[in-house]
Amino acid sequence: MTRFITYISVFLLLSTLSVSQTRVIKPVKKKYPKTTNFGIGVGVTRSVIYLNRNVKENNDARGYSFSLIYGGSNIVRASIEYTHYRAVSIEPTWYDIKASTIEANIHVIARFKKTNAFFYPLAGISYNMFSGFFTGRDDFLNLSEKYPVNQVVTTNWAGLNIGTGYEHYIKPFSVFIDYKMRIGITTEKQLNIMDVCFTFGIRYNFKVPSIYKIFSGTRSRYFLDSEPVEK
């Protein structure tokens, strides 16, 4: 009997020690922001519009830019922008040039401590439109071999955007400046820098549901956590 009690005591002691040494490791839950920033911006832009054609000095086109920005609670946000330029001429080859750009970019935010400002490298794609009256005079690119002279010629091209920007917040507004280079294929089938531009503007910013919140809401809508019904 004494031996049996000893066995039971040792068994209970070992069980207690094993339970006390067992740790339950809970999975780490990632915390995603429920809201993010949405900005509506307007600005003025200065651009060469078509670098290898616009060889004249101080002949940049000026235009107006409109943008929508989504994100920024973490380090990445996206933008959609439209820019329309006022008519410019590249005499004596091109007259009454009309140009515009539609683009989409990704911004990677680098924040400063204890300030309301940040830099952001950016990259994206653009669709650029160039239309003007082509005279054929001083045609050093030999474009008259491809286009008829003394007629309106339209050239549309796709570009890769690379650049950087700076933004300073004075809530709910912010002021920003962007520098971009657009790389594309010229009419001579060469990969080249097609455009260089600066944009200065102001945005109005407010909070909207983040993409995590939107998708989690959709998921919970169709996949409800409920206990099975016993039959």
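Visitor: Would you explain the packing of aromatic side chains in this entry?
Guide: The way to describe two aromatic rings as a pair is by their centre distance and the angle between their planes. Following the criterion strictly, the structure yields 12 aromatic pairs and no others. An angle of 55 degrees between the planes, with centres 5.2 Å apart, marks the rings of F119 and Y166 as tilted. Taken together, the residues span a long stretch of sequence, with F119 in strand 7 (residues 117–134) and Y166 in strand 8 (residues 151–170) at a distance of 47 residues. An aromatic cluster of at least three residues, connected via ring pairs, comprises Y50, W94, F130, F134 and W157. A cation sits over an aromatic face here: R53 above F130, 5.0 Å from the ring centre.

Visitor: Honestly, the pairing of strand 9 (residues 173–185) in this entry has me stumped. Any pointers?
Guide: Within a regular beta strand, the side chains point alternately toward one face of the sheet and then the other, so they alternate between its two faces. Because side chains alternate across strand 9, one face comprises the buried residues S174, F176, D178, K180, R182 and G184, and the other comprises F173, V175, I177, Y179, M181, I183 and I185, none of which is buried. One ladder, built from 11 bridges, connects strand 8 with strand 9; its direction is antiparallel. When the bridges of strand 9 are listed, I162 appears paired with M181. Counted between consecutive antiparallel strands, the loop separating strand 8 from strand 9 contains 2 residues. For strand 9 and strand 10 (residues 191–209), the ladder comprises 13 bridges, and the chain directions are antiparallel. The residue of strand 10 that forms the bridge with M181 is V196. Hairpin connection of strand 9 to strand 10: 5 residues between the antiparallel strands, including K189 at a positive phi of 60 degrees.

Visitor: What is the right way to look at unusual backbone geometry in this model?
Guide: As a rule of thumb, non-glycine residues mostly have phi less than zero, and peptide bonds are mostly trans rather than cis. Cis geometry is adopted by the peptide bond preceding P92, which originates at E91 and carries an omega value of 0 degrees. Mapped onto the elements of the fold, P92 is located in the loop between strand 4 (88–90) and strand 5 (94–108). The omega torsion across K171 and P172 is 5 degrees, close enough to zero to call that bond cis. Locating P172 in the fold gives a position in the loop between strand 8 and strand 9. Phi at K114 takes a positive value of approximately 60 degrees, unusual for a residue other than glycine. Considering the arrangement of structural elements, one finds K114 in the loop between strand 6 (110–111) and strand 7. Owing to a relative accessible area of 88%, K114 belongs among the exposed residues under this scheme.

Visitor: Explain the confidence of the model for the protein chain to me, please; I cannot follow it from the model alone.
Guide: Low pLDDT marks regions whose predicted coordinates should not be analysed in detail. The share of residues in the protein chain with pLDDT of 70 or more is 78%, and the mean pLDDT across the chain is 84. Under a pLDDT of 50 for its full length, residues 222–231 has, in the predicted model, 0 contacts with residues more than four places off or in other chains.

Visitor: In this structure, what is going on with the pairing of strand 10? I would like to understand it.
Guide: Note: strand 1 (residues 35–47) against strand 10, 13 bridges, orientation antiparallel. Residue F38 lies in a different strand from strand 10, and its bridge partner there is F206.

Quick notes on the rules
Residues numbered from 1 in each chain as written. Predicted model: local features only at pLDDT ≥ 70, side-chain atom pairs only at ≥ 80, totals over all residues. Heavy atoms only, no water. Phe/Tyr/Trp six-rings, centres within 6.5 Å; stacked < 30°, edge-to-face > 60°. Helix = DSSP H or I, 4+ residues; strand = E, 2+ residues; numbered from the N terminus. Lys NZ or Arg CZ within 6 Å of the ring centre and 35° of its normal. Buried < 20%, exposed > 50% of the residue type's maximum accessible area, 1.4 Å probe, protein only. Pairing = 2+ DSSP bridges. pLDDT = per-residue confidence, 0-100. Contact = heavy atoms within 4.5 Å.

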